[in-house]
Each structure stands twice: as structure tokens, then as C-alpha cells.
Amino acid sequence: MGLFELAAAKMLSSAAMLLFGTVLLMATAKRISTCVYLFACQSAILTAEVVAAGYVQHMREAYIIAGMVLLVKVFAIPFALLWLMKKLRTAHDVGASLSPGYSVFVMSGLIILSFAAVRLYLIELHATEVILAAAVALILNGAFLMVTRSKALMLMMGLLVLENGIFLAALVTTFGMPLIIEIGIVFDLLIGLFLMGIFVFRIRDTFDHLDVSRLRGLRG
Amino acid sequence: MMGFVINIVQMLLLVLAAPLLRGIISKLKAWIQKRQGASVWRPYANLWKLFHKEELVPNTATLIFRSAPVVAFAATVVAAAFLPVLHPAAFLTLDGDIFLFVYLLAIGRFAMSLGALDGGSSFGGMGSSREALVAALAEAPLFLVLTALAILARTGSLSEIAAWTIRQNFFDVSTVHLLALAALAIVAVAETGRIPVDNPTTHLELTMIHEAMVLEYSGPSLALIEWSQAIKLNLLATLMIGLFAPWGMSLTVTPLGLAAALGTYALKLACLVIGLAVVESSVAKLRMYAVPDFLRVASALAILAVIFTAITKR
């Protein structure tokens, strides 16, 4: 039993660091598929985090939520995205408007900023500083990915990373939301992905590319 | 007294086993590419051959051309004296030797750049300007990585950082170490001129960096250059092991402990070498203009590592 508790405690303390790792790797990724795999890794870390939190606080519901996250975010969404990429048959690059080096610089800045932002609320929230900062960092970096990557699929990736951040923030601050709300959020995400998938196909059919920075160019 | 002998032995190990490491890497790469590959002892035979050859020096060259390989080799060997290998102590240790280590490597590069310029061929100038660019960009992250670890360990000496790391819990991976390791891995690739930055086996004028510098060298000088290049690879691999995974080093100087330390060291080195061989066989070399961006990632990670030493309280 001691071993399980040790593993859970280590997971809770070192998960934030692994999340920073996935986010920084996403900044350097040149292909969309790399980002999809990294997102799957990130979600797997989140799943482990939920399991660890559930084990430490003895909540049965947490395991159901963990299973749902595993099913949807680790398997369903990455598979759907990879399938979408195969179907769309467009260029695989992320369309970065900022080079990887600068992206990592900005993302590092955002991570530090999130530490600074979290510090003010730490006393009221009773949450671990590093993990709360990781949640804020995921939200900021997801938004940053959406802003600096011009391919429609990468915008979806950014949104998913952002959503992971919100999920983590909810997990740390409220010690697990009610099950029904979690189910609602996950289904929201699925429907969102479905709609975005349709939308991406429409963009491709109309413009022959997925570069959102060139959407304003008229076709004659 | 025993410790002193061990310190000399581990320094000699770094220097003398370096060509073998190179041979093993090329053998592994050959296996990955489904080739037979040359024997792992081939680099030694190559060095032997070069040492017995006549040295040809360009007419325009001065003393600098002849002395550059010797200076580079000497600087690299002295840098080897600062690294802990089998136990957390080194032949030479002083507080702040992390800076000395970096600058000993830099002296080697500086001497080689001068020698290449002195050779008088256009390739030498091209190679040395590229080398200077890579060196300047790789120096800052290397410094920051070492600084971050020095702040954590509250000491400025490589062997004492290793000694401090051994006392930590293996499972308490810290953010600083992870970021620093990632940055150091990138820097090590750039410093040793391996594939994403420079290809050690090519002689294509558009891409070569280090090979362009040594194009005019022959005979014993070339042997010294090749050897110091091999030692440098060994140095950076050992630096990574010593700073980030020193567990297994023997804390007491006993024959059994040292044998175990040698075994674990070889095992860790083997992991690094296999990783390097896989990366070199699966990744394409970066364009010259993409190299600064690659190193910029290392700088960002290293800066983050230094800042994290202040943010996370241990």
C-alpha cells in the first residue's frame, strides 16, 4: 500500500514538470502529427493526475472521470485528428508565424508569468503551487499556440491544450468537479471537435488550403 | 592516495577510451543502416596510421597552423581532468571549475579556428566562421545549464555538483534538472558537431562546419584533431552522466565499488550512445540557417531552468 501512496504523491508533484515538457515540445514541433502525439501524452499525464488525486482523496468518481479522459482525450480525439489529417491530404507543417526558438522563449515567459499570477491566490485556494501554475500555463500556452499557428488544425490543437488547462485548474482548485459536469464538458469537447472537423472540410473545399491567415484572399 | 590514483585512471579512461566510443557509434549506425560496418577498433588504427604519416603544411602557413591542433588537444585533455567519472571527485577540482571547463573547450575551438584561417584556403575561413557562430550560440546555454545546477547544489565545482546529486532522491525529478538536461543535450550535439547541427562524415562544401576547418591538416596534426574531437564527445557524454545521473558512482574507494561504478558508467554511456546513433540515423541535418534557431531553443530552456531555481523551493 505504501508503494501506491508514494507513486500517487510523486505523480502529483512531478506531473506539472512533465506538462511543461509537453507544452515546450509543442512549441518546437514542426508537424501537426507531432503536436497530436504530444497532446495525447499530455492527456495521459492528466489522466494519471486524476487517478492520483482520486487515490489520495479516496473518491470513487475520480476513476470514472479518469477513464473518460483516457478514452476521449488520449485515444478518441488524437485518432480523430490523425484520421482528419489523412482525409484532408494537405501540407503537414504547422504554419508557424514565429520560429521554434522564439516560440520557446515566449512560452517560457508565459510559464513564468503563470507562476507570478498564481502566487497571489495561493493562500486562499490551498492548492499546490506548481500544478496550479501548470494549469494556468497550459491555458496561456494553448492560446499562444492558437495565435501563432496559422493552420486550422493547429487552432484546434491550441484549443484542446487550453481546455486541458481548464480541466487541470478545475481539478486542483475544487478537488474534482461533480461527475455530471465533467461528463458535460467532455461531450462538449467531442461535439466541438465534430463541428470543427466539418468546418475544416468546408475551408479546404472552398480555399484548397487550411491556412487561416490567407482566408481573406478572394477566389475568382 | 588510492583516490588520487583513481582520479588519474578516470582521466586517462576519458582520453584513451574516446576513439573506442567513436568506433562503437559508427558500428551502431552501420547496424541501424543494415551494413556490416568497420571494426570498433578502427579509430585507433586510423590514429596510428595518421601519427606515422608525413605532415604536409601549406606554404603560407605560420606557426599558428602547426600549434593549433596541439593547443586544442591539450585544452581538451585538461578539461577531462575536471570531470568525475567513477567516484564523485576529479583529478583537478576548484570552486568555480564549471567556468574553467567551458572555457577550456572554448580555447580548443578558438585555436582550431585560428589554425583553419592560417591554412589559407577558402574552406578554412568558411569553416571557422561557421564554427565561431555555433560556438558563440552554444556557449550561453551551456553556461546557464551549469549555473542552474550550481545554484541548486550551492557549489561551483563539477565533482561537488555530482556529489550533491548523488545524495538526492532518484525519484524526486526536479523541473530544473529536466529543463537543464534538455538544453544540455542540444548544446552537446552542437559542441561535438553531431548530426542535426553538423555531419562528421560529410565533405560537402555547403554543409560542413568542422570538416571544413580541418581540410588542410594531415598526418600527426590531423590525428591530434580527430582524437581531441573524440575526447570532446566523451567529455560531454560524461558531463551529462555526471550532472544528471551520477547514481552508481562509488562513494568509497574499494575495488568492488569501483568495478560496479565502471559497470554502471558503461551502461549509462551505452544508453546515451544508442540514443545518439538512433537520432543520427533518423534525423536530417539542419540547414545552416536553422542552426541558430535550434540553439535558441536550448537558450530558452536554459534560461527557464535558471529562473526555476528561484521559483521552486526545494
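Residues numbered from 1 in each chain as written. Chains lettered and ligands numbered in written order. Predicted model: local features only at pLDDT ≥ 70, side-chain atom pairs only at ≥ 80, totals over all residues. Heavy atoms only, no water.

## A closer look at the overall build of chain A
Thought 1: Along its length, chain A carries eight helices and zero strands.
Thought 2: Starting at the N terminus and walking to the C terminus, you meet the elements of chain A as α-α-α-α-α-α-α-α.
Thought 3: Taken over the C-alpha trace, chain A has a radius of gyration of 18 Å; the compact-globule value for 220 residues is 17 Å, and the two agree within 12%.
Thought 4: When the backbone C-alpha atoms are referred to their principal axes, chain A occupies close to 65 × 35 × 30 Å.
Thought 5: When the 220 residues of chain A are sorted by exposure, 49% land in the buried category.
Thought 6: Accessible area for chain A stands at about 10,900 Å²; split by element, carbon and sulfur atoms hold 72% of it. (Helix = DSSP H or I, 4+ residues; strand = E, 2+ residues; numbered from the N terminus. Rg over C-alpha atoms; globule rule 2.2 N^0.38 Å. Buried < 20%, exposed > 50% of the residue type's maximum accessible area, 1.4 Å probe, protein only. Areas by Shrake-Rupley, 256 points an atom, 1.4 Å probe, with all protein chains shown as cover.)

## Section: the overall build of chain B
Thought 1: In terms of regular secondary structure, chain B is built from twelve helices and zero strands.
Thought 2: Element order for chain B, N to C, with α for helix and β for strand: α-α-α-α-α-α-α-α-α-α-α-α.
Thought 3: Against the compact-globule benchmark of 20 Å for 314 residues, chain B has a radius of gyration of 19 Å, which places it among compact chains.
Thought 4: Taking the principal axes of the C-alpha coordinates as reference, chain B spans close to 60 × 45 × 40 Å.

## Observations regarding the layout of surface pockets
Thought 1: Each pocket or cavity is described by its volume, and for the largest pocket that value is around 1,500 Å³.
Thought 2: The set of elements that each furnish at least two residues to the lining of the largest pocket consists of α1 (2-28), α2 (32-57) and α4 (100-119) of chain A together with α2 (18-32), α8 (175-192), α10 (219-244), α11 (255-282) and α12 (291-311) of chain B.
Thought 3: Here the element with the most residues in the lining of the largest pocket is α8(B); it accounts for nine residues.
Thought 4: Split into classes, the residues belonging to the lining of the largest pocket amount to 35 nonpolar, seven polar and four charged.
Thought 5: Considered as a void within the structure, the second largest pocket measures approximately 910 Å³ in volume.
Thought 6: For the second largest pocket, the lining is made up of 35 residues, of which B:Arg22, B:Asn46, B:Pro200, B:Thr201 and B:Glu226 are closest to its centre.
Thought 7: Breaking the lining of the second largest pocket down by element, the ones donating at least two residues are α2, α3 (42-51), α9 (210-213) and α10 of chain B.
Thought 8: The element contributing the most residues to the lining of the second largest pocket is α2(B), with seven residues.
Thought 9: Here the residues of the lining of the second largest pocket are counted per class, giving 14 nonpolar, twelve polar and nine charged. (1 Å grid on protein atoms, 1.4 Å probe; cavity = no way out; pocket = protein on both sides within 12 Å on 5 of 7 lines; lining within 4 Å. Points joined across faces, edges and corners; volume = space filled by probe spheres on them. Nonpolar A, V, L, I, M, F, W, Y, C, P; charged D, E, K, R; others polar.)

## So, the interface of chain A and chain B
Thought 1: Opposite the 17 residues of chain A that make contact, chain B presents 20 residues.
Thought 2: Of the roughly 1,600 Å² buried at the junction of chain A and chain B (both faces included), carbon and sulfur atoms supply 77%.
Thought 3: For the pair chain A and chain B, the interface holds two residue pairs in polar contact (both at pLDDT 80 or more).
Thought 4: Secondary structure elements with two or more residues in the side of chain A that touches chain B: α1 and α4 of chain A.
Thought 5: In terms of residue count, α4(A) provides more of the side of chain A that touches chain B than any other element does, ten residues in total.
Thought 6: In terms of residue class, the side of chain A that touches chain B is made up of ten nonpolar, four polar and three charged. (Contact = heavy atoms within 4.5 Å. Buried area = accessible area lost by both parts, 1.4 Å probe. Polar contact = N/O pair within 3.5 Å; in protein donor to acceptor, adjacent residues only side chain to side chain.)

## Here's the deal with the packing of α10(B) against α11(B)
Residue and element names in this part refer to chain B.
Thought 1: In the contact formed by α10 and α11, the axes pass within 10 Å of each other and the chain directions differ by 115°. In terms of orientation, α10 lies roughly perpendicular with respect to α11. Considering how the two elements wind past one another, α10 and α11 form a crossing that is right-handed. Where α10 approaches α11, its residues Leu233, Asn234, Ala237, Thr238, Met240 and Ile241 are matched on the opposing element by Tyr265, Lys268, Leu269, Leu272 and Leu276.
Thought 2: When the residues that make up the contact of α10 with α11 are grouped by side-chain class, the tally is eight nonpolar, two polar and one charged. (Axes fitted to C-alpha atoms, helices over the stretch in contact; angles between N-to-C directions. Parallel < 35°, antiparallel > 145°, perpendicular 65-115°, else oblique. Left-handed = near helix turned anticlockwise from the far one by under 90°.)

## A word on the packing of aromatic side chains
Thought 1: Tallying each qualifying case throughout the model produces nine aromatic pairs over all chains.
Thought 2: Counting every residue linked through ring pairs, the aromatic cluster contains A:Phe20, A:Phe115 and B:Phe308.
Thought 3: Against the face of A:Phe167 rests A:Lys73, its NZ or CZ located 4.5 Å from the ring centre.
Thought 4: Across the ring face of A:Tyr102, the terminal group of B:Arg296 is positioned such that the distance to the ring centre comes to 4.2 Å. (Phe/Tyr/Trp six-rings, centres within 6.5 Å; stacked < 30°, edge-to-face > 60°. Lys NZ or Arg CZ within 6 Å of the ring centre and 35° of its normal.)

## Some remarks on the packing of helix α3 (residues 61-88) of chain A against helix α7 (residues 152-174) of chain A
Residue and element names in this part refer to chain A.
Thought 1: Their axes nearest at 12 Å, the elements α3 and α7 cross at an angle of 175°. Looking at the two axes, α3 sits roughly antiparallel to α7. The residues of α7 that touch α3, namely those facing Ile65, Val69, Lys73, Ile77, Leu81, Leu84, Met85 and Leu88, are Leu153, Met156, Met157, Leu160, Glu163, Asn164 and Phe167.
Thought 2: Here the residues of the contact of α3 with α7 are counted per class, giving twelve nonpolar, one polar and two charged.

## A word on the confidence of the model for chain A
Note: predicted coordinates in regions of low pLDDT should not be interpreted at a detailed level.
Thought 1: Scored by pLDDT, chain A has a mean of 85; 95% of the residues are at 70 or more.
Thought 2: No element of chain A has a lower mean pLDDT than helix α5 (residues 122-125) of chain A, at 71, and none a higher one than helix α6 (residues 129-148) of chain A, at 91. (pLDDT = per-residue confidence, 0-100.)

## Focus: α2(B)
Residues and elements named next belong to chain B.
Thought 1: Given a rise of 1.5 Å per residue, 15 residues ought to cover 21 Å, and the 21 Å separating the end C-alpha atoms of α2 matches this to within 8%.
Thought 2: Those residues of α2 that fall on the buried side of the exposure criterion are Ala18, Pro19, Leu21, Gly23, Ile25, Lys27, Leu28, Lys29 and Ala30.
Thought 3: At its buried positions, α2 is contacted by α1 (2-16), α3, α10 and α11. (Expected span 1.5 Å × (residues − 1).)

## Focus on empty space enclosed by the protein
All names here are of chain B.
Thought 1: Evaluated as defined, the whole model comprises three cavities of 30 Å³ or more.
Thought 2: Its volume calculated, the largest cavity comes out at about 120 Å³.
Thought 3: Lining of the largest cavity is provided by 14 residues; of these, Ala72, Gly108, Met112, Gln229 and Lys232 occupy positions nearest its centre.
Thought 4: Of all the secondary structure elements, the ones that give two or more residues to the lining of the largest cavity are α4 (63-80), α5 (97-118) and α10.
Thought 5: Top contributing element to the lining of the largest cavity by residue count: α5, with five residues.
Thought 6: Roughly 70 Å³ of volume is contained in the second largest cavity.
Thought 7: As for the second largest cavity, its lining consists of 13 residues, of which Arg109, Glu131, Ala190, Gly193 and Asp198 are closest to the centre.
Thought 8: Elements supplying a minimum of two residues to the lining of the second largest cavity: α6 (122-153), α8 and α10.
Thought 9: Here the lining of the second largest cavity gets three residues from one element, more than from any other, and that element is α8.
Thought 10: For the lining of the second largest cavity, a count of residues per class yields four nonpolar, four polar and five charged.

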